[in-house]
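Residues per chain are reported as follows:
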Amino acid sequence: ARHLSAEAAHRVAVAALHYNLGPRPAQRQSKVDLRVRLAGLQFANPLGLAAGFDKNATCFNGAMGLGFAHVEVGTITPKPQPGNPKPRVFRLPEENAVINRYGFNSHGMDRVVENLCATASKRAGILGVNVGANKTSNDPIDDYRQAVAMLAPYADYITLNISSPNTPGLRNLQTKRHLTDLLMAGFAGCREAGFEPASGSTELKKKPIFLKIAPDLQHDDLATIVDSCVEAGVSGIIATNTTIGRPTGLNGVHAGEAGGLSGDPLFAASTGILAGVASLSQNRLGLIGVGGVSAGWQAYAKILVGADMVQLYTGLALEGPYLPSRILHELDIM
């Protein structure tokens, strides 16, 4: 796959998992119980595949077969859109990192519903659906309502993604002025679909809503976000998306490309934000840690600072399909 462009390799990996061509790790005999209960849902282990890999919900069953207890598909926009011009994904192999500026390339929510209906019966784990706004939308906040209303029936939980750096103006939705409106729109969409956007209940009509935030936030911003989420009844925060920051010493021919940086260089910043959210939320929100996880110790570090669960994506892209089972084995023996 290294001989292919980064985007072509991504397409091949998605196709392979769609046809269930990935490796099937042996069933692990765990020394410890890795199950996690979060937002009223039972997860077989704390490891999930982050949004951005299975953008159109075509390969989540295959991904669950690699060992992930949950897969978050998307980001899905109401209308189809092509995303940014290619090339838009760049490997930084020396840094164990990737820069992407995909820009929410999505087949749109109608097509994704078809995909979800076609494969729902085979599902083995928890499915999250991550939604976002169309780039040319006149009312980005209403895009979230539309997408949630359409997709909530097919998801175990919904994520409102307001933290991609590749859709102009999207991260402004993290400010207090817009965040309340955004959460209200997401919750309205959830109710339109016939669900209550809440957690902690065994009633089938509950549908947890998560918010995915950026790593490039100040502490004051975090406090506002946490307060708004608790007030609104959000089930949890996913920390974090990719960073627009560039750590000093970032080398490689693509280090200056625009877009979101993920992989090893994101680990410290994303874990710092996660720790900040944990300290502010005081167990009032579920927390999922994402950013720079490619080994058991990194997953465990996020759990130690407050994550209930962990997601990865870049590690899978760079290290291959055996990574999830390796991380779970390392967590098992820690």
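Residues numbered from 1 in each chain as written. Predicted model: local features only at pLDDT ≥ 70, side-chain atom pairs only at ≥ 80, totals over all residues. Heavy atoms only, no water.

> Please set out a nonpolar patch on the surface residue by residue, giving values where relevant.
Among the surface-exposed residues, Trp297, Tyr300, Leu304, Val305 and Met334 lie close enough to one another that they form a single nonpolar patch of about 520 Å² accessible area. As for its placement among the helices and strands, methionine 334 is situated in the segment after α10 (323-333). (Patch = residues over 30% accessible without salt bridge, like charges linked within 9 Å, V, L, I, M, F, W, Y side chains within 5 Å. Areas by Shrake-Rupley, 256 points an atom, 1.4 Å probe, with all protein chains shown as cover. Salt bridge = Lys/Arg side-chain N within 4 Å of Asp/Glu carboxyl O. Helix = DSSP H or I, 4+ residues; strand = E, 2+ residues; numbered from the N terminus.)

> Describe the packing of aromatic side chains, naming the residues involved and giving the relevant values.
One pass over the full model with this rule turns up 3 aromatic pairs. Consider the rings of phenylalanine 53 and tyrosine 313, whose centres lie 5.8 Å apart with planes at 85 degrees: the pair is edge-to-face. A residue pair is termed long-range when its members are at least 10 positions apart, and phenylalanine 53 in the loop between β3 (47-49) and α2 (60-64) and tyrosine 313 in the loop between β13 (309-312) and α9 (314-319) qualify at 260 residues. By relative accessible area, which is 4% here, phenylalanine 53 ends up buried. On the numbers, 5.4 Å between centres and 70 degrees between planes, the contact of phenylalanine 267 with tryptophan 297 is edge-to-face. (Phe/Tyr/Trp six-rings, centres within 6.5 Å; stacked < 30°, edge-to-face > 60°. Buried < 20%, exposed > 50% of the residue type's maximum accessible area, 1.4 Å probe, protein only.)

> Hey, could you go over the nonpolar core for me, with residue numbers and the actual values?
Membership of the largest hydrophobic core comes to 71 residues, with the highest contact counts inside it found for Leu151, Leu160, Leu211, Ile213 and Ile237. Here this core gets 6 residues from one element, more than from any other, and that element is helix α5 (residues 176-192). With 14 residues, the next largest nonpolar core counts Val36, Phe43, Ile238 and Met309 among its residues. (Core = buried A, V, L, I, M, F, W, Y, C linked by side-chain atoms within 4.5 Å.)

> I'd like a description of the sheet that holds strand β5 (residues 89-92), backed by residues and values.
The 3 strands are arranged β5-β6-β11 in an open sheet whose pairing can be described as antiparallel. Bordering the open sheet on either side are β5 and β11 (260-263), each of which pairs with just one other strand. The mean angle between the axes of side-by-side strands here comes to 20 degrees, regardless of whether they run parallel or antiparallel. Examined bridge by bridge, strand β6 (residues 97-100) and β11 share 4 bridges and lie antiparallel to one another. Across the sheet, asparagine 100 pairs through a bridge with glycine 260, a residue of β11. (Pairing = 2+ DSSP bridges. Axes fitted to C-alpha atoms, helices over the stretch in contact; angles between N-to-C directions.)

> So, the pairing of strand β9 (residues 209-213): which residues are in play, and what are the values?
In terms of residue burial, β9 counts as a mostly covered element, since 5 of its 5 residues are buried. The alternating pattern of β9 places Ile209, Leu211 and Ile213 on one face and Phe210 and Lys212 on the opposite face, and all of these are buried. Note that strand β8 (residues 157-161) and β9 share 4 bridges and pair parallel. Across the sheet, residue asparagine 161 finds its bridge partner in β9, namely lysine 212. In terms of strand pairing, β9 meets strand β10 (residues 236-239) through 4 bridges, oriented parallel. Bridge pairing links isoleucine 213 to alanine 239 in β10. Traced from β9 through helix α6 (residues 219-232) to β10, the parallel crossover comes out right-handed. (Right-handed = clockwise from strand over helix to strand, strands pointing away.)

That's the geometry; what it means functionally is another story.
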